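Single-letter residue listing:
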Amino acid sequence: MFNNKELFKIAFKEQLVSRLGKNIEEASAGDIYKILGALIRESIGREWAETNQAYKVQEEKQVYYFSMEFLIGRLLGNNLLNLGLLETARDGLLDLGWSLEEIEEQEPDAGLGNGGLGRLAACFLDSLASLQYAGHGCGIRYKYGLFEQKIIDGHQVELPDNWLQKSNVWEERRADKRVEVRFWGQVEVREDNGRTVFDTVNYEKVWAVPHDVPVIGYEDPHVNTLRLWSAESSMDPSKMQIEGHNSYYRFLDYYRSVESISEFLYPDDSGYEGKLLRLKQQYFLCSAGLQSVLRTFDKLELPYSELPDKVAVHINDTHPTLVIPELMRILIDEKGYGWDDAWDITNRTVSYTNHTLLSEALEKWPANMVRELLPRVYMIIEEINKRFCGMLLERFPDRQDLVSQVAIIESDQVKMAHLAIVGSYSVNGVAGLHTELLKRNVMKPFYELFPERFNNKTNGITHRRWLMHANSELSHLISESIGTGWIKRPHQLLKLESFKDDSAFQEQIMSIKRSNKLRLAAYIAQKQGITIDPDSIFDVQVKRLHGYKRQLMNILHVMHLYNEIKDTPSADRVPRTFIFGAKAAPGYYLAKSIIKLINVVADVVNKDLQVNGKLKVLFLENYSVSLAEKIIPAANLSEQISTAGKEASGTGNMKFMLNGALTIGTLDGANVEMYEMLGDDNMFLFGLRSEEVLDYYRYGGYLARDVYGKDPRIKRVMDQLVSSGPFCCHEREFGLIYQSILDHNDEFFVLRDFNSYAETQAGIDQAYLDPQAWATKSIVNIAHAGHFSSDCTINRYASDIWDIRPVRPSINV
Ligand code: 26V
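For the chain, an unreviewed UniProt entry supplies the name Alpha-1,4 glucan phosphorylase and the organism Paenibacillus uliginis N3/975. According to its UniProt record, the chain has this under Cofactor (unreviewed entry): "pyridoxal 5'-phosphate". The record held by UniProt for the chain lists under Catalytic activity (unreviewed entry) the comment "[(1->4)-alpha-D-glucosyl](n) + phosphate = [(1->4)-alpha-D-glucosyl](n-1) + alpha-D-glucose 1-phosphate".

Now the structure itself:
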């Protein structure tokens, strides 16, 4: 639509007048954003239709990635990049008096996810489209995304994230494609021509209305769809009069209950366990998504036995597991298939990714709740369970213990992971270590029953957003040095290894890092009024706040450094800036008091003139995708310090590596695979290994109180949490933290790993004193990060799990 700057400007000004009735002098930044978004959205309409047409004509197998979360963030910059229009738009806007960066800030950050799981789904969509696979997202259009975090007096305060307040320029509401989702009711059984038929009566009907967001691939004209469902009431208010005098109130109640289905994203929190509304959301997604998938399949006029050849339904964690009984229900009740055929079809269509080993995060639903809300679906789950347990008892007649261990319904609870494994053909973990731990521990009996289903797919990140868009200077330097092949073949970043000792290249890498640090410093100065030293080590830990991620170890170490400086103020130190960003689930009190502690320490440290120039601490409010894009390119050191065996993969670790930060980390999640490539020269490892952690859990032998008693440095920081001193605001402010370590024996081995961590950190200070050597390590990190591009991950999903190949619409249509 506009392939040069002049055409862009003409089109832009025309749109501004025709849509908003304004000329360029009158337009606000918000107006500019709206018009630019609309221009892009319209310019890809044709490609969007052509991509869909190509899928139809070629009868391609299509993948539907079902996920309760898509943490897509802002789309403007990325869409311009993928369309090859970034420079045209930037230059054109500049002529019109606007900077693109300022306009990008106008876009609400679509926070439809909690963290890693949701961001992974968004990276996968980008790779699916860029690699020209027929792969779509299926999710919920939450009216409110993950809460907005404000820090008030050091405490986290949650505010609703009203991201749709201004209109969403990307989405297309498709009322004609709405489908009906049914809740509640009773099942009536009758015989019809020798067949048993199940009718649900007295159900509540809800409309699911799709809002389609185009997912634009890189360079080639390939546009997939992220279909987000919104719940709307199905009663017609204009007919209320005829239905009796109380009907208006009934309508209001019904209306509220329907609208609430797609109102809020639940924060990942054990607090939602057993919450009816969350279960409603999950079924709403599964039922609406499947109906739309099958409607597309029906156009092929093939028997359902061929569904697995044309459709792959992938479930992102157990949240959309109800696709399994729902597909069974549709095949049996609506399409007339018998149980065995329906089961075979379902089993060959659905695949599942597990994202956590934490037992408290494995989903269970009270059986009663499922039975009442979804009576027919519950009958099907019961039948799946009955047949599965029956099969087991036939194979292992003496193993009642095994049966109760793996049953889908047990102690009046429906175990979603069990249903997901039994009902799918593939179960994958998200990093090598995680998959091994699944097979050997958490899901061992299932692995023994179905070894062929288990496989690993190490996570990945899109290098387009996380390098090309977030760090364009570095991206240009790379292209100047090794050509642009790495953009389509990220493994080619390995070519950078030959520059690792090239002093001119090192200089350039360091100067780009410095300018990114300056940019972040300016942002921080503007937001928080704190100046930070661009020559200090930017040491960053940004991720959800959770005990196992051990932000606590990091801040206790900062307290220890502060103590050291206060003890010997004259000693030379390598200056550090510790940067934190984290949201805690609203009901997770311990996590919230760790946020308060970080803020208190920051306050003390930053105000103390004696440590000024040596130590600074910052907590950046409201960590989100767009904030991550500002922070990560500026980091020197990436903190990936989870208790070994707890972090399934991590993806932040990969983003930092790609941007040239070095990692201090444990052998956990995908850190293990990073270490295999980087070795001790290029990564700073510390702490217990996962087997050692497991041994402690199994056999005991760790006493946090012993460590506390024997190590004066540790005792000192622990005591500072509860006794008067620089960090304790009022008595027991941090009692909960203190107790979690000393009374509950430090579940995540913070004290056990503290010294190893502190020593490694001291070694990092020394390493930073040699800038050339540091630059070499940084280059080696970037060079190996191509391995973690989500393009590689998606290619593996495509060939090993989904059995799909790229589609080239331009050639075939
Ligand atoms: C959920 C819950 C809910 C109950 C309370 C504690 C808790 C803790 C964590 C979670 C998250 C579960 C799923 C998840 O987001 N996993 C993350 O998935 C990423 C993408 O695969 C992966 O990189 C992270 O390591 C993993 O934590």
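J.: Tell me about the site of the ligand, and name the residues and values.
T.: Around the ligand, the surrounding shell holds 21 residues, and the nearest of these are H355, N459, E647, S649 and G650. Between H355 and the ligand, the recorded distance is 2.6 Å, taken from a side-chain N or O atom to an oxygen atom. Interatomic distance of 2.8 Å between a backbone N/O atom of G650 and an oxygen atom of the ligand. With the chains in place, 89% of the 590 Å² that the ligand exposes on its own is no longer accessible. Class assignment of the residues belonging to the shell around the ligand gives a composition of seven nonpolar, nine polar and five charged.

J.: Residues and numbers for the environment of K34, please.
T.: By the element assignment, K34 lies in helix 2 (residues 29–43). The spatial distance from the C-alpha of K34 to the C-alpha of W170 is 9.9 Å, given a sequence separation of 136 residues.

J.: Before we move on, could you go through the sheet that holds strand 16 (residues 409–410) and cite the residues and values that matter?
T.: Strand order in the open sheet formed by three strands is 15-17-16, with antiparallel pairing between adjacent strands. Two strands in the sheet have a free side with no partner beyond their single neighbour: strand 15 (364–366) and strand 16. Summarising the sheet, strand 15 and strand 17 (residues 413–415) pair through three bridges and their orientation is antiparallel. Bridge pairing in strand 17 links P366 to Q413.

J.: Describe the environment of R453, listing the residues and the values that go with them.
T.: In this structure, R453 sits in the loop between helix 18 (444–449) and strand 19 (454–456). Taking the C-alpha atoms as reference, R453 lies 9.2 Å from S351; in sequence the two are 102 residues apart.

J.: Any details on empty space enclosed by the protein? Residues and values, ideally.
T.: Within the structure shown, the criterion is met by three cavities of 30 Å³ or more. In this structure, the largest cavity is lined by 15 residues; those nearest its centre are L75, A122, D126, V215 and R465. Elements represented by at least two residues in the lining of the largest cavity include exactly helix 4 (76–83), helix 7 (116–130) and strand 11 (204–216). Across the lining of the largest cavity, the residue classes tally to nine nonpolar, three polar and three charged. In this structure, the second largest cavity encloses a volume near 110 Å³.

J.: Explain a positive patch on the surface residue by residue, including any values.
T.: On the surface, a cluster of positive charge is made up of K56, K177, R295 and K299. Looking at the secondary structure, you find K177 in the loop between strand 7 (172–173) and strand 8 (179–183).

J.: Explain unusual backbone geometry to me, using residue names and the numbers behind them.
T.: In the Ramachandran plot, S411 falls in the positive-phi region, its phi being about 50° despite a non-glycine side chain. Its place among the elements puts S411 in the loop between strand 16 and strand 17. S411 sits in the exposed class, given a relative accessible area of 57%.

J.: Which residues make up the packing of aromatic side chains, and what values go with them?
T.: Per the stated rule, a full pass over the model turns up 21 aromatic pairs. Summarising the aromatic geometry, the rings of Y65 and F124 are spaced 5.8 Å apart at their centres and angled 75° between planes, so their arrangement reads as edge-to-face. Note that Y65 is positioned in strand 1 (residues 62–66) and F124 in helix 7, a separation of 59 residues in sequence. By relative accessible area, Y65 is classed as buried at 1%. Owing to a relative accessible area of 0%, F124 belongs among the buried residues under this scheme. Arranged with centres 5.8 Å apart and planes meeting at 70°, the rings of F183 and Y283 form a pair that is edge-to-face. Placement of F183 in strand 8 and of Y283 in helix 9 (residues 276–298) is noted, with a sequence separation of 100 residues between them. A residue is classified by how much of its surface remains accessible, and Y283, at 4% relative accessible area, is buried. Ring-pair connections join several aromatic residues into one group, and the members of that group are Y65, F124, Y797 and W802. For the cation-ring pair, K280 lies above F183, with the distance from its terminal atom to the ring centre recorded as 5.5 Å. Here the basic side chain of K583 rests over the ring of F147, its NZ or CZ set 5.4 Å away from the ring centre.

J.: Account for the sheet that holds strand 20 (residues 537–542), with residues named and values stated.
T.: With parallel pairing, six strands are arranged side by side in an open sheet as 22-21-20-23-24-25. Two strands lie at the open edges of the sheet, namely strand 22 (615–619) and strand 25 (684–685), each paired on one side alone. The sheet contact formed by strand 20 and strand 23 (residues 637–640) spans two bridges and is parallel. Along strand 23, the bridge assignment pairs V540 with S638.

J.: Which residues make up the state of the cysteines, and what are the values?
T.: Counting across every chain of the model gives zero disulfides. Its sulfur unpaired, C286 is 8.3 Å from the next cysteine sulfur, which belongs to C138. On the basis of relative accessible area, C286 is assigned to the buried category, the value being 0%. Its sulfur unpaired, C792 is 13 Å from the next cysteine sulfur, which belongs to C123.

J.: Pulling in residues and values, what's your account of the nonpolar core?
T.: If you look at the biggest cluster of nonpolar residues, it comprises 198 residues, and the most contacted ones within it are F12, L36, F284 and W802. When residues no more than four places from it in sequence are discounted, the contact partners of L36 are F8, F12, L76, L80, L93, L100 and I103. Core analysis: the second largest hydrophobic core is formed by 64 residues, M559, A644, I664 and Y738 among them.

J.: Tell me about the pattern of salt bridges, and please be specific about residues and values.
T.: In a structure, side chains of opposite charge can pair up when their charged atoms sit close to one another. In the structure shown here, the tally under the stated rule is 55 salt bridges. Its salt-bridge partner being D791, residue R464 comes within 2.7 Å of it at the nearest N-O pair. In this pair, R464 sits in helix 19 (residues 463–469) while D791 sits in helix 34 (residues 790–802), placing the two residues 327 residues apart along the sequence. Residues R464 and D791 agree in their burial class; the two are buried. The salt bridge partner of K715 is D719, with a shortest N-O separation of 2.7 Å. Taken as a pair, K715 and D719 lie in helix 30 (residues 712–720) at a separation of four residues, close to a single helical turn.

Definitions and cut-offs
Residues numbered from 1 in each chain as written. Predicted model: local features only at pLDDT ≥ 70, side-chain atom pairs only at ≥ 80, totals over all residues. Heavy atoms only, no water. UniProt positions renumbered as here; feature names shortened; annotations may be inferred. Near = heavy atom within 4 Å. Polar contact = N/O pair within 3.5 Å; in protein donor to acceptor, adjacent residues only side chain to side chain. Areas by Shrake-Rupley, 256 points an atom, 1.4 Å probe, with all protein chains shown as cover. Nonpolar A, V, L, I, M, F, W, Y, C, P; charged D, E, K, R; others polar. Helix = DSSP H or I, 4+ residues; strand = E, 2+ residues; numbered from the N terminus. Pairing = 2+ DSSP bridges. 1 Å grid on protein atoms, 1.4 Å probe; cavity = no way out; pocket = protein on both sides within 12 Å on 5 of 7 lines; lining within 4 Å. Points joined across faces, edges and corners; volume = space filled by probe spheres on them. Patch = residues over 30% accessible without salt bridge, like charges linked within 9 Å, V, L, I, M, F, W, Y side chains within 5 Å. Salt bridge = Lys/Arg side-chain N within 4 Å of Asp/Glu carboxyl O. Lys, Arg positive; Asp, Glu negative; His and termini not counted. Charge placed at Lys NZ, Arg CZ, Asp CG, Glu CD. Buried < 20%, exposed > 50% of the residue type's maximum accessible area, 1.4 Å probe, protein only. Phe/Tyr/Trp six-rings, centres within 6.5 Å; stacked < 30°, edge-to-face > 60°. Lys NZ or Arg CZ within 6 Å of the ring centre and 35° of its normal. Disulfide = S-S within 2.5 Å. Core = buried A, V, L, I, M, F, W, Y, C linked by side-chain atoms within 4.5 Å. Contact = heavy atoms within 4.5 Å.

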